[in-house]
Structures are given as C-alpha cells and as structure tokens.
Amino acid sequence: MSTGTTKLNVVVSDVVPVNELVTRFHFRRRDGELLPTFSGGAHVVVEMRDGNRTRLNPYSLMGSPLDTREYTISVRRDDAGRGGSLFMHRQVKPGLEMVISYPVNLFSLDLRAKKHLMLAGGIGITPFMAQTSQLAGAGGNFELHYTCRTASLGTYADVLQQRYGNRVRLYHDDREERIDLDRLLSSQPLGTHLYVCGPAGMINWVRDRAAALGWPPETVHFEHFAAPQPGAPFDVTLAVSGKTIRVGEQQSLLEAIETAGVDPPYLCRGGVCGQCETNVISSDGKFIHNDHWLSEEDHRSGCKIMPCVSRFEGKSLVLER
Amino acid sequence: MAAKTIISRPIYGTLSPQSGKHHLFIADAEGALAITDMARKAPPGFFDGAEINFIPGLEGKHIAALEALKPAQLHIAPSFASLLPRLKQTLTNAHMGLRLYLAGTEGLIGQAMQAALEAGIDHTSIETEHRGSLARRMQCVHCKGITENVTTQPALCSHCGLLLLVRDHYSRRLAAFQGVCINAEDRSEVPPMEEIFR
C-alpha cells in the first residue's frame, strides 16, 4: 500500500527519444484536468503492467513545477536491469493508459538557502531540471555542475546551457574533465545548500568531502534511487501473516511480499524514504543491503531490512510482516 | 541547566570539535571554560584555524586560558553590542566550512545565533553550551521593547513598566523570551517578585 498517496490515471501524451540511452515520457490526466502541484525534486512511482507482472519504479519529475498540464520523466535504458526501463523504452507509446502515484518529494530545495549548489551525474540531472525551473522562476540563486560521460550523453546539457548560460558548468568524462570538488566546496558563501544526484559513488564522494570540509549535514541533500538488483532466489517467512514466500531472481523482496497478498507500506521503492522498513525477527545468512535509509549500524545489526531494494542470501530469514 | 518545558525553549549541548578548517567561537564570562574543556578533545592544530571572540564581563577572568589555546585570532570585546559589527562582517565574508561555537549566557548564545541565522546558518548546525548566568532577554509582547538581564519572576518591562510573567516561550528570530502582563485584569494585584533566573 502506497503511504499517503493516491493514484493518478494518466495517458501517455508523448514519447521523445533524447539520445541513444534516454527517452522522455509525457503524461496527461485522462480526464483532461490539471495534474497535482509538485515542487522541484519530486518523483512519481510509475506502474508498469507488463503481462501478468507489475513493476513499480520511481522517476523524478523533470518538467517545470509551474506547469501542471503534464508531467514529464526521463528514463535511461538499463539493459542489465530488471526490465523496467526496457519496458518503458519498448512498450510505452503515445496513447497508452497508465497509472502513476501522486508526486512525493524526498529531495526538495531548502528555500531558506542563500544559494543552491547542484551537482548532477548522468541521468541524475532530472530532478535538477525541475528545481532549476522552480528557482529561475522565483529569481533564485543557483549554480549547476553536471558530469556526463560524453557530450552526446549529456542529457539536456544543451537545454540547460541555453536557459541558464554560465550558471551551468559541464564536465565530460571522455575529455578527462573533473570537478575540482574541494575548491568548489570551499569557495561557497555561507548559507549555501548542496544538492547531489547521480551514481552512488558520486554521492558518497561528495558527501564525504562536504563533511570533511565542514559542511553541516543539514546543508547537504542527496537522492539516489537504488534500482532493486536482481540476485539469487531466497525464501522468507512472514511471521505476522504466517506465510512463506520465495523471492525470485528478478523480483524485489517487496514485490514478492505484495505478490503473496501482504500489503506493506511503501513510498519511493528506491531505498530512500524509509516507509517499507521491516524488522527482522531471525536470520541465518547474509544481508545484501542496497538502501540509503538505514544507518550503517542498522545494516550491521541484521535487525532491519528495506525490502524495496535489499536482498538476502542464506538459510533462513523471518520478517515481522 | 535549562530544562525542556515547551518546544520553543532552547536547550544547549556541550561544545564538540567539528570537522572543517575554520572555527568561529563566541563566548562570554564562564563560556570560556566550555572552550577550554572542548580544547582537550580537539585534534592537534584545531585552533590554527580558529577565531575566538570573548566578552570577559566585569570580572575580566579567563583571558589567559584562551590565549594559551593559541587561536589564529583572539578578540576581546567589552559587550555583545560592541562585538556585533565585527561578527556580522566575519559572517558576511565567510564561506561554507565555517563552523560556529557559542558558549556562555543564554542572552549571548541567543543574540549570536540571531546574527548567524541572518547569515544563513541553520540553528541546528551551531554548537552551543550554556555556562554561567540564567538571566534572560525578554520581549514585552505589549510594547515590544526588549529588557536585558531579567532575573526575576515576574519582571518589570524596562520600556512600558508593565509587570510581566516571563514565559519559557522563546523566539530565535528575536533572541528573547516572551513577557506577558501578569495582572492585566487588575493592576492592583501585585504578585511577589522572586529572583529565579540567576
């Protein structure tokens, strides 16, 4: 059960290939009304009905929060993933009726900031598309540093440079261009907030350097939706509902729990929001934690798991569900 | 020691050294001891990037103890009002990575925090430690005047003269506790005045 959100019945109004890996999808409400208001950094969970299988993947809204006639998301094709992005790329066409969640923002701007310093890596650019639109409309002070592999994979880099000129700085991996992070972080005026979205390695690097250079944790915001990773199947006992289930290779633990008819709370399905946090009653084996919610201590304790993205290898696992 | 009574009543911690290269300390009177206590836990070289602003007060103690920490700068000020222009200038020119440490009386912590909030520092990012007097800065809700160093309950507004109940209700924006008329119905009713914020 999605916590605190209701569903939106939408129709795909446009599908636009952006580059060799990324495609943009536009959604409008089927009843023609305006979509709910959102703020920059918000995401929606898209329901993908693929035969008898339903996948629920979170995607950042990338359109301007000032325009709610449509929602837009950009999906990077992941050929090695569990198939959600491939489904979007191959099967979603204009006119298809889909269901998405209400927008939820776990990566919002702190509007008390004197300045917003944004660091994007790859497809992590999408929430910043919405945030920069929001800030630019209100005269906000921001600066965006965007790292991409090559110029042709710099999704929306051209749009951003056209819109914001030298407030956007690009770094191309293939040209050996690197962010001088320590210098960047040490030269920001007091009252700056830092936002980072990109691969896990980039987020960890930026958070570590910011902490070492004296940025208070309250000023460092990050979002990384961990896609549930495929893995070896494993069995789980749900103690509260008295069921034993098998989590398939391409299935997340949360999806397996839902398939068994148990309805745990969820929100982001990407290891970020904390809603589906589940207590472990007993275990004999190894946890594969992939979330950004639990503390390292929680991970080590083996007492909690985030079933949306994390897995288990071993003899037995009993959960309080 | 301040106890949490209502949600706005500030509580203070114990100074602890934060990571980063620039450390700005503001302390008055016995607040200096919070800094010297913290110095025992600080990594070597910590005070090389530290500026200490100290208001010794009438007794004029603890200056030598702060000098012994060999901070990059030690500035002695006769009052918070005389320190404020320097503090504002420092905060205006500062970069992210500056960490702020406030130690001493509630009035000092509150007013320094007020300047820091205006400069964009979140109150949760500031290290604080209460030492010394519990005297309060109080704003009269009726005339809006602020009375410094209130030690009694009730207390007299130094601006409009109303007798005020000093509440735990605190404003970070004003750096003051709220004072509300205690005998609005009948001014001839004058409750006894006790010295409780020492």
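Residues numbered from 1 in each chain as written. Chains lettered and ligands numbered in written order. Predicted model: local features only at pLDDT ≥ 70, side-chain atom pairs only at ≥ 80, totals over all residues.

Student: Before we move on, can you summarise the overall build of chain B with the specific residues and values?
Tutor: Summing up its helical and strand segments, chain B has 4 helices and 12 strands in all. Relative to its length of 198 residues, chain B is compact, with a C-alpha radius of gyration of 18 Å against a globular reference of 16 Å. Projecting the C-alpha coordinates of chain B onto the three principal axes gives extents of approximately 60 × 35 × 30 Å. Counting only residues that meet the buried cut, chain B has 37% of its 198 residues in that class. A fraction of 61% describes how many contacts in chain B between residues 6 or more apart in sequence connect residues 24 or more apart. (Helix = DSSP H or I, 4+ residues; strand = E, 2+ residues; numbered from the N terminus. Rg over C-alpha atoms; globule rule 2.2 N^0.38 Å. Buried ≥ 20, exposed ≤ 12 C-beta atoms within 10 Å, placed from the backbone. Contact = placed C-beta atoms within 7 Å.)

Student: Which residues make up the overall build of chain A, and what are the values?
Tutor: Tallying secondary structure elements over chain A gives 7 helices and 17 strands in all. In summary, chain A has a C-alpha radius of gyration of 20 Å against a globular reference of 20 Å for 321 residues, a match within 12%. Here the C-alpha coordinates of chain A stretch approximately 60 × 50 × 35 Å along the principal axes. A total of 321 residues make up chain A; the buried ones form 41% of that total.

Student: Give a detailed account of the nonpolar core, specifying residues and quantitative values.
Tutor: Residues Val196 of chain A together with Ile35 and Leu102 of chain B are the most contacted members of the largest nonpolar core, which totals 121 residues. Contact partners of valine 196 of chain A, with chain neighbours within four places excluded, come to Leu119, Met202, Ile203, Val206 and Phe222 of chain A. (Core = buried A, V, L, I, M, F, W, Y, C linked by C-beta atoms within 7 Å.)

Student: I'd like a rundown of the domain arrangement of chain B, residues and numbers included.
Tutor: Residue and element names in this part refer to chain B. Here the domain parsing of chain B yields domain 1 (22-130) and domain 2 (136-195). Computed from C-alpha atoms alone, the centre-to-centre distance between domain 1 and domain 2 is 29 Å. In this complex, domain 1 contributes 8 residues to the contact, which on the side of domain 2 involves 5 residues. (Domains from an automatic or database assignment.)

Student: Please set out the sheet that holds strand 16 (residues 304-305) of chain A residue by residue, giving values where relevant.
Tutor: Residue and element names in this part refer to chain A. Pairing within the open sheet is mixed, and its 5 strands lie in the order 14-13-17-15-16. Looking at which strands have only one partner, the edges of the open sheet turn out to be strand 14 (243-247) and strand 16. The pairing of strand 13 (residues 234-238) with strand 17 (residues 311-319) spans 2 bridges and is parallel. Bridged to leucine 238 within strand 17 is leucine 319. (Pairing = 2+ DSSP bridges.)

Student: Just give me the short version of the domain arrangement of chain A, but keep the residues and values in it.
Tutor: Residue and element names in this part refer to chain A. When the domains of chain A are assigned, the result is domain 1 (7-105), domain 2 (115-223) and domain 3 (234-319). Distance from the C-alpha centre of domain 1 to the C-alpha centre of domain 2: 24 Å. With 16 residues of domain 1 at the interface, the matching set in domain 2 holds 12 residues. Tallied by class, residues from the side of domain 1 that touches domain 2 come to 7 nonpolar, 8 polar and 1 charged. (Nonpolar A, V, L, I, M, F, W, Y, C, P; charged D, E, K, R; others polar.)

Student: Pulling in residues and values, what's your account of the sheet that holds strand 1 (residues 22-28) of chain B?
Tutor: Residue and element names in this part refer to chain B. In space, the 5 strands of this open sheet follow the order 3-2-1-4-5, with parallel pairing throughout. Two strands close off the open sheet at either side, each with one partner strand: strand 3 (73-76) and strand 5 (127-130). Between one strand axis and the next, the sheet turns through 10° on average, direction left out of account. Pairing between strand 4 (residues 98-104) and strand 5: 4 bridges, direction parallel. Each bridged residue has a counterpart across the sheet, and for alanine 103 the counterpart in strand 5 is glutamate 129. Contacts from helix 1 (residues 31-39) reach strand 1, strand 2 (50-55), strand 4 and strand 5, with the element oriented near 145° to strand 1. (Axes fitted to C-alpha atoms, helices over the stretch in contact; angles between N-to-C directions.)

Student: Could you give me a rundown of unusual backbone geometry, with the residues and numbers involved?
Tutor: The omega angle of the peptide bond from glutamine 153 of chain B to proline 154 of chain B is -10°, so this bond is cis rather than trans. Take proline 154 of chain B: it is sitting in the loop between strand 8 (152-153) and strand 9 (155-156). For arginine 269 of chain A, which is not glycine, the phi torsion reads 55° and is therefore positive. Inspection of the secondary structure puts arginine 269 of chain A in the loop between helix 6 (253-259) and strand 15 (278-288). A residue is classified by how many C-beta atoms lie within 10 Å of it, and arginine 269 of chain A, with 28 of them, is buried. The phi angle at alanine 175 of chain B is positive, at roughly 55°, despite the residue not being glycine. As for its placement among the helices and strands, alanine 175 of chain B is situated in the loop between strand 10 (163-171) and strand 11 (176-181). Residue classification places alanine 175 of chain B among the buried residues on the basis of 22 C-beta atoms within 10 Å.

Student: Could you give me a rundown of the interface of chain A and chain B, with the residues and numbers involved?
Tutor: Contacts between chain A and chain B engage 18 residues on the former and 18 residues on the latter. Elements that contribute at least two residues to the side of chain A that touches chain B include exactly helix 4 (181-186) and helix 5 (200-212) of chain A. Its residues assigned to classes, the side of chain A that touches chain B shows 9 nonpolar, 7 polar and 2 charged.

Student: Tell me what's going on with the pairing of strand 3 (residues 42-50) of chain A, and back it up with residues and numbers.
Tutor: All names here are of chain A. Here 2 bridges tie strand 3 to strand 7 (residues 104-105), and the two strands are oriented antiparallel to one another. Residue pairing for strand 7: histidine 43 is matched across the bridge by valine 104. Pairing of strand 3 with strand 4 (residues 53-60) involves 8 bridges; the strand directions are antiparallel. Considered in strand 4, the bridge of glutamate 47 is made with leucine 56. The antiparallel hairpin formed by strand 3 and strand 4 contains 2 residues in its connecting segment, where glycine 51 sits at a positive phi of about 65°. In terms of strand pairing, strand 3 meets strand 6 (residues 97-101) through 2 bridges, oriented antiparallel. Note that in strand 6 the partner of glutamate 47 across the bridge is valine 99.

Student: Report on the packing of helix 3 (residues 80-93) of chain B against helix 4 (residues 106-118) of chain B, specifying residues and quantitative values.
Tutor: Residues and elements named next belong to chain B. Close contact between helix 3 and helix 4 brings their axes to 10 Å; oriented N to C, the two are set at 30°. Relative to helix 4, the element helix 3 is oriented roughly parallel. In this structure, the crossing between helix 3 and helix 4 has a hand that is right-handed. Contact residues: Phe80, Leu84, Leu87, Lys88 and Leu91 in helix 3; Leu108, Gln111, Ala112, Ala115 and Ala116 in helix 4. (Parallel < 35°, antiparallel > 145°, perpendicular 65-115°, else oblique. Left-handed = near helix turned anticlockwise from the far one by under 90°.)

Student: Describe the environment of glutamine 161 of chain A, naming the residues involved and giving the relevant values.
Tutor: Residue position: glutamine 161 of chain A is located in helix 3 (residues 157-164). Sequence spacing of glutamine 161 of chain A and leucine 144 of chain A is 17 residues, and the spatial spacing of their C-alpha atoms is 9.9 Å.

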